[in-house]
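Structure at a glance
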Amino acid sequence: MPDDAKVYFWSLRQKFVDSDDDIPEQAQQVMYYSLAIGHHVGMIDCLKTELVCPLEKYKAWIDLLPEGEAKRKMQGLLTFGEININSEHTHLLALAFDPIIKNDDPLFSEWSQTLIKLLGEIHAEPAIYLIVKRKS
């Protein structure tokens, strides 16, 4: 990866359904998720940039996480180039990043606060999720 590679955190917050029909909540969640995964086929323009960080600093930030599932999840970006963070990950990641808020590096502290805020928003509205992607 080039030295100027960056990591982008995008949130998907819009629901793309325009219907006057009453749809049961459970069916709505399936429908929203089905639409959300369509970002791979040209819907990236509907994502909101939440956080951008240099790849090398991202690696250092993730190195601060304790060994375990949260660290493995975030390191997935380094292996696959992209990860998704959804309502299944909110509690796990919030607990792992919370101690980093007190880190001596103000950048890592700020990023951790931002991520925890976003995780709280996902917890409150499970249809929201994050896409984290490495780009050069």
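Residues numbered from 1 in each chain as written. Predicted model: local features only at pLDDT ≥ 70, side-chain atom pairs only at ≥ 80, totals over all residues. Heavy atoms only, no water.

What the rule picks out here adds up to 7 aromatic pairs. Ring geometry for Trp-61 against Phe-97: centres 4.9 Å apart, planes inclined by 50°, an arrangement best described as tilted. Of this pair, Trp-61 sits in helix 2 (residues 55-63) while Phe-97 is found in helix 4 (residues 90-97), placing the two residues 36 residues apart along the sequence. Take Trp-61: its relative accessible area is 0%, and that puts it in the buried class. Judged by its relative accessible area of 0%, Phe-97 falls in the buried class. Taking the centre distance of 5.9 Å and the plane angle of 55° together, the rings of Phe-108 and Trp-111 count as tilted. Of this pair, Phe-108 and Trp-111 both sit in helix 5 (residues 106-124), separated by 3 residues, roughly a single helical turn. Both residues of the pair, Phe-108 and Trp-111, belong to the buried class. Within the aromatic cluster, the residues linked to one another by ring pairs are Phe-9, Tyr-58, Trp-61, Phe-97, Phe-108 and Trp-111. The aromatic ring of Tyr-8 is capped on one face by Lys-135, whose charged end is 6.0 Å from the ring centroid. (Phe/Tyr/Trp six-rings, centres within 6.5 Å; stacked < 30°, edge-to-face > 60°. Helix = DSSP H or I, 4+ residues; strand = E, 2+ residues; numbered from the N terminus. Buried < 20%, exposed > 50% of the residue type's maximum accessible area, 1.4 Å probe, protein only. Lys NZ or Arg CZ within 6 Å of the ring centre and 35° of its normal.)

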